[in-house]
Amino acid sequence: MLLDTLTKGFRKTVIAGNWKMNKTPSEAKALLEEIIPLVKDASCEVVACVPYVDLATALEVTQGTNIKIGAENCHWAESGAFTGEISAGMLKEIGVEYVVIGHSERRQYFGETDETVNKRVKAALAAGLKPIVCVGELLWERECDITTEVISRQLKLDLWGVTAEEMKNVVIAYEPVWAIGTGKTATAEQAEEVCEFIRMCLKAKYGLEIASGVTIQYGGSMNDANAAELLMKSNVDGGLIGGASLVAEKFAAIVDAAKPAEY
Ligand code: 13P
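Residues numbered from 1 in each chain as written. Predicted model: local features only at pLDDT ≥ 70, side-chain atom pairs only at ≥ 80, totals over all residues. Heavy atoms only, no water.

Observations regarding the overall build of the chain
The following threshold applies: Secondary structure is summarised from DSSP: a helix means a run of H or I of at least four residues, a strand means a run of E of at least two, and numbering begins at the N terminus for each. Atoms counted for the radius of gyration: C-alpha only. Globule rule: 2.2 Å times the number of residues to the power 0.38. Buried, partly exposed and exposed residues are distinguished by accessible area as a fraction of the type maximum, computed with a 1.4 Å probe on protein chains only: under 20%, between the cut-offs, and over 50%, respectively. It only takes one pair of heavy atoms within 4.5 Å for two residues to be counted as in contact. Per-residue and other accessible areas follow the Shrake-Rupley method at a 1.4 Å probe size, with only the shown protein chains counted as cover for residues.
Of the regular secondary structure elements, the chain holds 13 helices and eight strands. Radius of gyration (C-alpha) of the chain: 17 Å, near the 18 Å computed for a compact globule of 263 residues. With the principal axes as the frame, the chain shows a C-alpha extent of 45 × 45 × 35 Å. Every one of the 263 residues in the chain was classed for burial, and the buried ones make up 52%. Sequence separation of at least 24 residues holds for 73% of the intrachain contacts in the chain that already meet a minimum separation of 6. Taken as a whole, the chain presents about 12200 Å² of accessible surface, with 55% of it coming from carbon and sulfur.

Quick look at the site of the ligand
For the record, the criterion: Here, proximity means that at least one heavy atom of the residue falls within 4 Å of the molecule or strand. Identification of polar contacts relies on pairs of N or O atoms within 3.5 Å, with a donor-acceptor requirement for protein atoms, meaning one able to donate a hydrogen and the other able to accept it, and with residues adjacent in sequence counted only if both atoms are side-chain atoms. Residue classes follow a fixed rule: Ala, Val, Leu, Ile, Met, Phe, Trp, Tyr, Cys and Pro count as nonpolar, while Asp, Glu, Lys and Arg count as charged, and any other residue, Gly among them, counts as polar.
Close to the ligand lie Asn-18, Lys-20, His-103, Glu-175, Ala-179, Ile-180, Gly-181, Gly-220, Ser-221, Leu-240, Gly-242 and Gly-243. The side chain of Asn-18 places a nitrogen or oxygen atom 3.0 Å from an oxygen atom of the ligand. Within the backbone of Gly-181, a nitrogen or oxygen atom sits 2.7 Å from an oxygen atom of the ligand. By residue class, the composition of the shell around the ligand is three nonpolar, seven polar and two charged.

Quick notes on the layout of surface pockets
Test applied: Of the grid points, spaced at 1 Å and generated over the protein atoms alone, those admitting a 1.4 Å probe that cannot get out make up cavities, while open sets with protein on both sides within 12 Å along at least five of seven lines make up pockets; any residue with an atom within 4 Å of a point is treated as lining. Grid points are joined across faces, edges and corners, and a volume is the space filled by probe spheres set on the points.
One number sums up the size of the largest pocket: a volume of about 400 Å³. Lining the largest pocket are 16 residues, with Lys-20, Met-21, Glu-72, Arg-106 and Phe-110 positioned closest to its centre. Of all the elements, helix H5 (residues 104-109) adds the most residues to the lining of the largest pocket, at three residues. In the lining of the largest pocket, the residues fall into nine nonpolar, three polar and four charged.

Some points on the pairing of strand E4 (residues 98-101)
Within a regular beta strand, the side chains point alternately toward one face of the sheet and then the other, so they alternate between its two faces. Stated formally: By the convention used here, strands pair only if DSSP detects at least 2 bridges between them. Assignment of crossover handedness uses the view with strands pointing away from the viewer, where a clockwise path from the first strand over the helix to the second indicates a right-handed crossover.
With burial as the criterion, each face of E4 is covered, one bearing Tyr-98 and Val-100 and the other bearing Val-99 and Ile-101. Here two bridges tie strand E3 (residues 67-71) to E4, and the two strands are oriented parallel to one another. Residue pairing for E4: Gly-70 is matched across the bridge by Tyr-98. What joins E3 to E4 is helix H4 (residues 88-94), and the crossover it makes is right-handed. Across four bridges, E4 lies against strand E5 (residues 130-135) in parallel orientation.

Quick word on the nonpolar core
Keep this limit in mind: Grouping buried Ala, Val, Leu, Ile, Met, Phe, Trp, Tyr and Cys residues that are joined through side-chain atoms within 4.5 Å yields what is termed a nonpolar core.
Membership of the largest hydrophobic core comes to 70 residues, with the highest contact counts inside it found for Ile-15, Leu-159, Met-167, Ile-172, Ile-198, Leu-202 and Tyr-218. Looking at this core, the element that brings in the most residues is helix H10 (residues 188-206), giving nine residues. Sequence-distant contacts of Ile-172, that is, excluding residues within four places in its chain, are made with Val-133, Val-135, Leu-155, Leu-159, Ile-198, Leu-202, Val-214, Thr-215, Ile-216 and Gln-217. Formed by 11 residues, the second largest nonpolar core is a distinct cluster that contains Val-14, Cys-49, Tyr-98 and Cys-134.

As structure tokens, this is what we get:
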């Protein structure tokens, strides 16, 4: 798509680590201290999404650096009787900027549905956070050739009621579930095909201008060896990195691979 090739340079490239349930606060401090000098000249947005208990430490350690901090989830209510939950407002107040919403592990293990994803996305936006909304098909769904139906349905439901203006603060992460933590990366062509489809869905709903501006990440076994090829694709504007984000040199190499292409 010629237009996307041309507009890619204007979109924000976002390389985000999703640490999942890894690193205690002292380990988080050590890892971030390793990462900071390695990514200081990054040409893209660098984000570390860390466990709740690491947030305060992460925010302190990264103060004055180019690393933004994200959480891995938030609740949809502003406050109330939701034992064990954290609101978007709580995250915003301490300085968190991004929040991962609807990760497949939350859908798979914690009963997350498109309805709750949608409520969390809206709460995050209302609080002034930037949600990284995760979509992606199961292996079985890909084998049954319904990937586009699955993605289209997730986008419709997850973004229900989200306005065009709000979309300027939304990042979409395409994470094929079969590629997460398996070492099986989608090929660059497979990633591009679905990321392009996502942009088409966004265009149908929000129009060309908004759709062209949305950052669409790929996630699923992205690493220092395959990042450059994936990030070269017209509609792949970044990465959501699991395992490789826990190793400073690997994460930094991915950030490096996100240097803008010259057209
Ligand atoms: P891996 O990079 O470990 O496959 O994890 C991807 C992911 O789930 C990021 O959110």
